[in-house]
Amino acid sequence: MSQLRAAAGRGLRRSGGRAAPPAGQSRKGASSRGGAPAPAPAPPPAQHLFSDPAEIEALRGNLLAWYDKCKRDLPWRTLAAAETDANRRAYAVWVSEIMLQQTQVATVIDYYNRWMQKWPTLQALAQASLEEVNELWAGLGYYSRGKRLQEAARKVVSQLAGRMPRTAEDLQKLLPGVGRYTAGAIASISYGQATGVVDGNVIRVLCRLRCIGADSSSPAVIDRLWDMANALVDRSRPGDFNQALMELGATVCVPKAPLCGECPVKQHCRARSRVEKELAFASQKLFGKPAPVPDVEDCGVGGCPLCPPATEPWDSSLGVTNFPRKAAKKQPRAVRTATCVLERRGCHGALEYLIVQRPSSGLLAGLWEFPSLTLAQDLQEEKQRKALADHLQAWTGRPVAARNLRLIGEVVHIFSHIHQTYVVYSLPLDGDMTLDPALSPSRWVTEEEFHASAVSTAMKKVLKAHEKQRGKESSPGKGSKRKRGAKTEGAGSTCPGTQLSLRAFLQAPTAP
Ligand code: SF4
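Model, not experiment: these values are computed from the prediction.

Enquirer: So what about the overall build of the chain? Which residues, and what values?
Expert: Counting its regular elements, the chain contains 17 helices and seven strands. Of all intrachain contacts in the chain linking residues separated by at least 6 positions in sequence, the fraction that spans at least 24 positions is 70%. Looking at the chain as shown, the accessible area adds up to about 23400 Å², and 54% of this sits on carbon and sulfur atoms.

Given below as structure tokens:
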């Protein structure tokens, strides 16, 4: 199978993962315009186009030859190359494409292998529970992806007789969570449909090849890039061509230090050409020779919608990385959350933690976490401790002393649009605790069970912080208060017949 490319464009956590689909392309029909049809835009200046058929042929040939030689071996490529059944092949590509959105190839490989082993077919996935999906997806981030993948699999099985839609248009139209990019990738790789793809890597490569310096997230630029991708895609090997373009962006034409000298399409690259002309100009000037006049203007057309804006012209110090340009990213929203690691000794003395399930919609939907409470910004520690104690009290129906909550520290986790700070507390318990079933589902888990549960990376960080603190306290010679694995003072086992009173640990005899 051809390689899939990890994107490094807009919205990625880092280079190497599949980029988010461009703005306006991630939802079904998002590229359509409402209202009366707008007049057709004027064609862009030739500087920004591929208009020579011979050059297009040469670019395709160079890129595919490089890809055949340099592509990485990746499990989804191997699987799709060997799969003769079109539905299974499309499913294998689809899963990889969804996992690669916003996520590095290196991270995805293990998740992909485990997923395909557990659910090798659409039918198998359709029969899985959401809890199982969340458990396998735990740590991969952007959890709604797994849920939507499963919903779409169920739809294919129940409404489409198990047959995957066979064109990019139908894939986008019929499958929830499949946008224009994913539909194009599945259709070109699985079915050989000659349709282009545009993700963050493709955006970067095309913008450099054709000196496109306008905001690459703007609908006008994105539309042009889709046109270009559709025009360039190789008619006989569309899947390989698309993957080659993405692979080039992930491994050669990378965001910060592109390897132009190794680039198989450098002779077609106008950004590189511009850099070379400037270097030649500077060199001739150094030796006092008459120099050719460099291309000072990008395309010679004033107000060109694809050139860099007049306020941010070409910067020689940046070279080819002048392209692409993006609008300033919106600052993530800051959120503070108090979270409490409630722990007890379970049977045989093993530590257990209480986790509760989040609501079935919204951020981290359906995942499990330590009992948590969103805090007002700038709340003093004393007040946030009290707020958490009140929250636990309301939740457990038992008194909780704020003074018994031990502050562990802060854990920061960055979600795509949220700068999340967890203020971590712990509270050891000496007995079982049954929560009101009308509230969130909850359960006690060992550390091993915690990691096997559908918990987010953020919660794993919280537990790690808690364990680090415990390790410090149990280190000899560091004023150890208690040893790791030792019982908390007064703590008992929850084994039948040995359960002690919870009240002693939750009861608040004095005001905090
Ligand atoms: Fe990218 Fe450099 Fe190749 Fe141009 S020559 S496409 S900038 S790697």
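Now that the structure is up, let's keep going.
Enquirer: Can you tell me about the nonpolar core, naming the residues and giving the values?
Expert: Among the nonpolar cores identified, the biggest contains 110 residues, and Trp94 and Trp115 are the most heavily contacted of them. At 10 residues, the largest contribution of residues to this core is made by helix α3 (residues 86-100). Judged by nonpolar contacts, the second largest core, of 18 residues, contains Trp395, Val400, Leu405 and Leu429.

Enquirer: Run through the site of the ligand, naming residues and quoting values.
Expert: The immediate surroundings of the ligand are formed by Arg208, Leu209, Cys253, Cys260, Cys263, Lys266, Cys269, Arg272 and Val320. Residue composition of the shell around the ligand, grouped by class: six nonpolar, no polar and three charged.

Enquirer: Help me get a handle on the packing of aromatic side chains, residues and values and all.
Expert: Counted by the stated rule, this structure contains six aromatic pairs. Ring plane angle 80° and centroid distance 5.6 Å describe the contact between tryptophan 115 and tryptophan 137, whose orientation is recorded as edge-to-face. Taken together, the positions of tryptophan 115 in helix α4 (residues 105-118) and tryptophan 137 in helix α6 (residues 130-137) put the pair 22 residues apart, joining distant regions of the chain. Residue tryptophan 115 shares its accessibility class with tryptophan 137, and that shared class is buried. Ring-pair connections join several aromatic residues into one group, and the members of that group are Trp115, Trp119 and Trp137. If you follow arginine 114 out to its NZ or CZ, it ends over the ring of tyrosine 111, 4.9 Å from the centre. Above the ring of tryptophan 226, the side-chain terminus of arginine 180 is found at 4.0 Å from the ring centroid.

Enquirer: How would you summarise the environment of glutamine 193 if you had to cite specific residues and measurements?
Expert: Tracing the chain through its elements places glutamine 193 in the loop between α9 (180-191) and α10 (200-209). Note: C-alpha distance between glutamine 193 and arginine 166 (27 residues apart in sequence) is 8.9 Å. The residues contacting glutamine 193, other than those within four sequence positions of it, are Arg166, Thr167, Ala168, Glu169, Ala187, Ser188 and Pro238. A polar side-chain atom of glutamine 193 sits 2.8 Å from the main-chain amide nitrogen of alanine 168.

Enquirer: Break down the pattern of salt bridges for me, with residues and values.
Expert: Following the criterion strictly, the structure yields 19 salt bridges and no others. Residue lysine 118 is joined to glutamate 132 by a salt bridge in which the shortest nitrogen-to-oxygen separation is 3.9 Å. Note that lysine 118 is positioned in helix α4 and glutamate 132 in helix α6, a separation of 14 residues in sequence. For glutamate 132, a relative accessible area of 30% corresponds to the partly exposed category. Note that glutamate 276 and arginine 272 form a salt bridge whose closest N and O atoms lie 2.8 Å from each other. Here arginine 272 and glutamate 276 lie together in helix α13 (residues 270-286), a separation of four residues that amounts to about one turn. Take glutamate 276: its relative accessible area is 42%, and that puts it in the partly exposed class. Members of the salt-bridge network, linked through shared partners, are Asp68, Arg237 and Asp240.

Enquirer: Tell me about the side chain of asparagine 87, residues and numbers included.
Expert: By the secondary structure assignment, asparagine 87 is in helix α3. When neighbours within four sequence positions are excluded, asparagine 87 is seen to be in contact with Gly162, Arg163, Met164 and Arg166.

Enquirer: Explain the pairing of strand β1 (residues 333-345) residue by residue, including any values.
Expert: Extensive coverage of β1 is indicated by the burial of 11 of its 13 residues. As paired strands, β1 and strand β6 (residues 418-428) are joined by 11 bridges and run parallel to one another. In the sheet register, valine 335 faces β6, and the bridge partner there is glutamine 420. Summarising the sheet, β1 and strand β4 (residues 372-375) pair through four bridges and their orientation is antiparallel. Bridged to threonine 337 within β4 is threonine 374. Pairing analysis gives three bridges linking β1 to strand β2 (residues 351-357), with the strands arranged antiparallel.

Enquirer: Account for unusual backbone geometry, naming residues and giving values.
Expert: The step from phenylalanine 323 to proline 324 runs through a cis peptide bond, and the omega angle for that step is -5°. Looking at the secondary structure, you find proline 324 in the loop between α13 and β1. The backbone of alanine 161 sits at a positive phi, close to 55°, despite the residue not being glycine. Here alanine 161 lies in the loop between α7 (144-159) and α8 (168-174). Phi at aspartate 378 takes a positive value of approximately 60°, unusual for a residue other than glycine. As for its position among the elements, aspartate 378 is in the loop between β4 and α14 (381-396).

Enquirer: Can you break down the environment of leucine 407 residue by residue, with the values?
Expert: In this fold, leucine 407 is placed in strand β5 (residues 406-414). The exposure class of leucine 407 is partly exposed, given its relative accessible area of 37%. When the C-alpha atoms of leucine 407 and serine 426 are compared, they prove to be 6.7 Å apart, with 19 residues separating the residues in sequence. Dropping the residues within four chain positions of it, leucine 407 is found in contact with Glu381, Arg385, Val423, Val424 and Tyr425.

Enquirer: Pulling in residues and values, what's your account of the packing of helix α2 (residues 75-82) against α3?
Expert: Where α2 meets α3, the axes come as close as 8 Å, and the angle between the chain directions of the two elements is 165°. Taken together, the axes of α2 and α3 are roughly antiparallel relative to one another. Here α2 runs over α3; the crossing is left-handed. Contacts between α2 and α3 involve Trp76, Leu79 and Ala80 from the first element and Arg89, Ala92, Val93, Ser96 and Leu100 from the second. Here the contact of α2 with α3 is composed, by residue class, of six nonpolar, one polar and one charged.

So, how was this worked out
Residues numbered from 1 in each chain as written. Predicted model: local features only at pLDDT ≥ 70, side-chain atom pairs only at ≥ 80, totals over all residues. Heavy atoms only, no water. Helix = DSSP H or I, 4+ residues; strand = E, 2+ residues; numbered from the N terminus. Contact = heavy atoms within 4.5 Å. Areas by Shrake-Rupley, 256 points an atom, 1.4 Å probe, with all protein chains shown as cover. Core = buried A, V, L, I, M, F, W, Y, C linked by side-chain atoms within 4.5 Å. Buried < 20%, exposed > 50% of the residue type's maximum accessible area, 1.4 Å probe, protein only. Near = heavy atom within 4 Å. Nonpolar A, V, L, I, M, F, W, Y, C, P; charged D, E, K, R; others polar. Phe/Tyr/Trp six-rings, centres within 6.5 Å; stacked < 30°, edge-to-face > 60°. Lys NZ or Arg CZ within 6 Å of the ring centre and 35° of its normal. Polar contact = N/O pair within 3.5 Å; in protein donor to acceptor, adjacent residues only side chain to side chain. Salt bridge = Lys/Arg side-chain N within 4 Å of Asp/Glu carboxyl O. Pairing = 2+ DSSP bridges. Axes fitted to C-alpha atoms, helices over the stretch in contact; angles between N-to-C directions. Parallel < 35°, antiparallel > 145°, perpendicular 65-115°, else oblique. Left-handed = near helix turned anticlockwise from the far one by under 90°.

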